[in-house]
Amino acid sequence: MGKIICITGASTGIGLATALRFAREGWTVYAGTRNPARDQELYRKENNLHFVQLEVTDPASIQSVIDLISDEQGSLDVLFANAGFGYLRALGQAPVEDIHRVFDTNVYGVMHTIRAALPLLQRSGYAHIVATSSVGGLVGQPMNEIYCASKFAVEGLLESLATYYKPQFNIDVTLLEPGAIATEFTKTVMGHVAGTGGILEDEYKPVIDAYTAAFLQRNVKPQTPESVAEVMWELVHMETKPVRIRTSERAEAFVAHKVSADPTGLDGVLSTRKIQLNM
Ligand SMILES: NC(=O)c1ccc[n+]([C@@H]2O[C@H](COP(=O)([O-])OP(=O)(O)OC[C@H]3O[C@@H](n4cnc5c(N)ncnc54)[C@H](OP(=O)(O)O)[C@@H]3O)[C@@H](O)[C@H]2O)c1
């Protein structure tokens with residue numbers, strides 16, 4: 001039987017590229033979007049690609065997608081919790097509503113998604129949960145503290161699930177950790193900055209100026225979302241699934257000092273599993 005994947009945040013970027021890659025390989029793809037009519041029309045020639053209304057801050061919206069997959073397929077092989085967005089304001093600048101908005105999508109959105117899908121994944125015999133974190137989920141970065149904190153939270157969530165989902169439910173758990181990718185991500189971040197007064201003339205200005213200059217210099221050629229989709233394709237076919245996977249050499253180099261002792265995260269998780277569960 002063909003395999004089934006559900007992807008959140010599949011209207012653009014990494015989610016869309018992954019949806020197209022998997023659909024073209026014959027997988028049945030449930031592609032979460034906030035505009036299914038538009039996206040289904042745009043990609044009407046793609047067999048196997050089903051856009052579904054999905055807002056990750058709304059548990060009822062996620063539940064209705066899971067119910068649909070359950071009714072139509074009865075099982076789910078891969079859940080890809082990918083929806084998220086970046087945020088470039090210092091903690092000392094950000095309105096409290098913005099902090100909640102970032103966490104509502106990037107953290108609670110991932111929790112709602114996994115929580116809703118878990119019973120179906122458990123019933124599927126074997127499944128794989130992948131969430132898009134970031135190199136910013138491993139390495140804190142200037143002016144990105146709110147975004148990085150949200151991705152660190154995703155890291156903590158999935159690393160914890162990885163300690164027992166495999167032996168208990170036969171579900172693998174992986175954090176996908178991209179560096180800079182050429183998607184709508186930067187446009188959304190900079191659009192928010194532009195729409196809220198631009199780069200502010202305050203004590204953070206020298207920091208953000210230095211950060212953006214260095215970022216642009218380092219990321220003249222960001223990785224393509226299609227190449228991230230290729231990493232996803234390889235990931236789901238690995239015999240032993242890593243707990244963490246970077247999407248490029250550059251991303252690997254960026255986090256090397258943090259992960260060199262355990263690049264895949266597997267040693268740490270297996271050790272925790274042994275110590276705390278004797279499994
Ligand atoms: N691009 C990078 O440099 C980079 C680096 C590291 C990690 N990441 C992570 O990669 C993931 C995908 O981002 P991307 O780079 O592909 O950017 P993107 O092109 O902006 O795609 C983000 C996707 O998430 C969706 N989304 C955002 N908030 C949502 C919500 N509340 N409910 C449902 N969908 C929502 C967007 O939908 P709409 O089109 O409706 O807004 C879009 O489909 C994110 O988790 C991001 O943090 C990106």
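Structure: above.
Residues numbered from 1 in each chain as written. Predicted model: local features only at pLDDT ≥ 70, side-chain atom pairs only at ≥ 80, totals over all residues. Heavy atoms only, no water.

Here we look at the site of the ligand
The immediate surroundings of the ligand are formed by 27 residues, with Ser-11, Thr-12, Glu-55, Tyr-147 and Thr-183 found nearest. A distance of 2.8 Å separates an oxygen atom of the ligand from a polar atom in the backbone of Ile-14. For the ligand, an oxygen atom lies 3.1 Å from a polar atom in the backbone of Glu-184. With the chains in place, 89% of the 890 Å² that the ligand exposes on its own is no longer accessible. Only helix H1 (13-24) and helix H5 (145-162) provide two or more residues apiece to the shell around the ligand. Residue composition of the shell around the ligand, by class: 10 nonpolar, 13 polar and four charged. (Near = heavy atom within 4 Å. Polar contact = N/O pair within 3.5 Å; in protein donor to acceptor, adjacent residues only side chain to side chain. Areas by Shrake-Rupley, 256 points an atom, 1.4 Å probe, with all protein chains shown as cover. Helix = DSSP H or I, 4+ residues; strand = E, 2+ residues; numbered from the N terminus. Nonpolar A, V, L, I, M, F, W, Y, C, P; charged D, E, K, R; others polar.)

With respect to a nonpolar patch on the surface
Together, Tyr-164, Leu-277 and Met-279 give the surface a local cluster of nonpolar side chains, amounting to about 270 Å² of exposed area. Tracing the backbone shows Tyr-164 in the loop between H5 and helix H6 (165-169). When its relative accessible area of 34% is taken as the criterion, Tyr-164 is described as partly exposed. (Patch = residues over 30% accessible without salt bridge, like charges linked within 9 Å, V, L, I, M, F, W, Y side chains within 5 Å. Salt bridge = Lys/Arg side-chain N within 4 Å of Asp/Glu carboxyl O. Buried < 20%, exposed > 50% of the residue type's maximum accessible area, 1.4 Å probe, protein only.)

Considering the sheet that holds strand E1 (residues 4-7)
If you trace the seven strands from one edge of the open sheet to the other, you get E3-E2-E1-E4-E5-E6-E7, paired in parallel fashion. With one partner strand each, in any of the chains shown, strand E3 (49-53) and strand E7 (244-246) form the two edges of the open sheet. Neighbour to neighbour, the strand axes of the sheet diverge by 20° on average, direction disregarded. With five bridges joining them, strand E2 (residues 28-33) and E3 adopt parallel strand pairing. If you follow Tyr-30 over to E3, its bridge partner there is His-50. (Pairing = 2+ DSSP bridges. Axes fitted to C-alpha atoms, helices over the stretch in contact; angles between N-to-C directions.)

A few points about the pattern of salt bridges
All chains considered together, the criterion is met by 15 salt bridges. In this structure, Asp-39 and Arg-38 form a salt bridge, with 2.8 Å as the shortest nitrogen-oxygen distance. Judged by its relative accessible area of 1%, Asp-39 falls in the buried class. Glu-41 is paired through a salt bridge with Arg-44; the nearest N and O atoms lie 3.1 Å apart. Taking relative accessible area as the criterion, Arg-44 reaches 53% and is therefore assigned exposed. Connected through salt bridges with shared partners, the residues Glu-155, Glu-159, Glu-177, Arg-244, Arg-246 and Glu-252 form a single ionic network.

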